[in-house]
Amino acid sequence: MSVERHIAGTLQQIARQQDIVEIAPQGSTPKAAALAHVAEQYGYTYGMAYRTGFKNSLVQVRMYRDPRPDARVREAATITAHPQAGNGGTVPGLEQGSLKPLPEAVAAVAVLKDLITFDVMAQYVADRGQKVMCYLGCAVLTVILLIDRSPVEAVVSGGAVALLVTVAFKVGAIRRRRITQRLTDAGFLAVPDGQGGQRFLRPGQQLPGHTNPFAA
């Protein structure tokens with residue numbers, strides 16, 4: 001899908017003043033973050049992100065309409081400044097005809113990218129039970145390999161897979177810690193999501209409900 005169609009699709013949802021705007025560029029977190037920034041300029045706020053579609057190839061971002069007065073002021077100012085957005089005119093925060101953020105929007109888009117990445121990674125964070133299952137699978141693989149390979153080959157192969165699994169867990173944990181630090185430094189608050197996970201919210205924001213992420 002072209003850049004123009006991505007932008008137009010997002011702006012069409014915004015123009016209808018939907019309570020929820022869904023953004024799903026093809027598998028690209030930077031593109032999703034750029035479009036989420038555009039939605040924010042029209043009075044929406046980040047809600048959540050997850051992978052979906054065939055082989056989880058799409059990053060789906062859900063934006064909620066912000067009911068606060070300052071969001072409506074921001075929306076009105078954006079409409080005034082960009083009257084032809086979606087019709088070949090300028091789009092708030094982005095270079096003309098591109099999903100590349102303007103210099104003044106780079107930092108805000110980077111924060112949204114971190115929020116999206118953190119939420120998407122949460123789908124694949126292994127808890128203790130999942131780790132046990134992964135290592136049990138490595139053990140089963142070793143046993144299967146013993147049927148037609150030497151004990152040394154079977155153990156080496158199973159151990160190599162277990163090592164790769166361990167490295168993947170470690171790298172994922174390090175990356176999440178770095179994102180956590182950046183979001184904390186940006187003023188976001190870590191809160192439990194009620195399902196054993198963690199989310200990052202702006203001060204005063206609540207976990208999103210059906211249409212209002214600021215409702216208690």
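Rules used in this analysis
Residues numbered from 1 in each chain as written. Predicted model: local features only at pLDDT ≥ 70, side-chain atom pairs only at ≥ 80, totals over all residues. Heavy atoms only, no water. Helix = DSSP H or I, 4+ residues; strand = E, 2+ residues; numbered from the N terminus. Contact = heavy atoms within 4.5 Å. Areas by Shrake-Rupley, 256 points an atom, 1.4 Å probe, with all protein chains shown as cover. Salt bridge = Lys/Arg side-chain N within 4 Å of Asp/Glu carboxyl O. Buried < 20%, exposed > 50% of the residue type's maximum accessible area, 1.4 Å probe, protein only. Pairing = 2+ DSSP bridges. Axes fitted to C-alpha atoms, helices over the stretch in contact; angles between N-to-C directions. Core = buried A, V, L, I, M, F, W, Y, C linked by side-chain atoms within 4.5 Å. Polar contact = N/O pair within 3.5 Å; in protein donor to acceptor, adjacent residues only side chain to side chain.

Quick look at the overall build of the chain now. Helix and strand counts for the chain come out as six helices and five strands. The secondary structure elements of the chain, listed N-terminal to C-terminal, are α-β-α-β-β-α-α-α-α-β-β. Contacts in the chain between residues at least 24 apart in sequence constitute 60% of all its contacts with a sequence separation of at least 6. When the accessible surface of the chain is totalled, it reaches about 12,100 Å², and 60% of it is carbon and sulfur.

Let us look at the pattern of salt bridges. Counted according to the given criterion, the structure contains seven salt bridges. Linking E75 and R65 is a salt bridge whose minimum nitrogen-to-oxygen distance equals 3.3 Å. You can see E75 sitting in helix α3 (residues 69–81) and its partner R65 sitting in strand β3 (residues 58–65), a full ten residues away along the chain. What makes E75 buried here is its relative accessible area of 9%. Looking at R65, the relative accessible area reads 15%, which means it is buried. Between D114 and R182 there is a salt bridge, and its shortest N-O distance comes to 2.8 Å. Taken together, the residues span a long stretch of sequence, with D114 in helix α4 (residues 106–122) and R182 in helix α6 (residues 151–185) at a distance of 68 residues. Judged by its relative accessible area of 11%, D114 is buried. Members of the salt-bridge network, linked through shared partners, are R65, R72 and E75.

This brings us to unusual backbone geometry. Non-glycine residue Q17 carries a positive phi angle of around 55°. With respect to the helices and strands, Q17 occurs in the loop between α1 (3–15) and β1 (20–23).

Accessibility expressed as a relative area gives 44% for R182, which makes it partly exposed. The spacing of R182 and A110 is 72 residues in sequence and 9.9 Å in space, taken between C-alpha atoms.

Strand order across the open sheet formed by three strands is β1-β3-β2, with antiparallel pairing between neighbours. Because the sheet does not close on itself, it has two edges, and the strands there are β1 and β2 (44–52). Ignoring strand direction, the axes of neighbouring strands in this sheet form an average angle of 20°. Sheet topology places β1 next to β3; four bridges connect them, and they run antiparallel.

Let us look at the nonpolar core. Counting 35 residues, the largest nonpolar core has Y46, V61, M63 and I116 as its most contacted members. When contributions to this core are tallied by element, the ones reaching two or more residues are α1, β1, α2 (29–41), β2, β3, α4 and α6. Non-local contacts of M63, meaning those with residues more than four positions away in its chain, are made with D19, I20, V21, I23, A36, A39, E40, Y44, T45, Y46 and G47.

Right, let's talk about the environment of Y50 for a bit. Along the chain, the position of Y50 falls in strand β2. Accessibility expressed as a relative area gives 22% for Y50, which makes it partly exposed. C-alpha of Y50 to C-alpha of T117: the two residues are 67 residues apart in sequence and 8.8 Å apart in space. Polar side-chain contacts of Y50 include one of 3.3 Å to the side chain of R62.

All we've got here are geometric facts, nothing functional implied.
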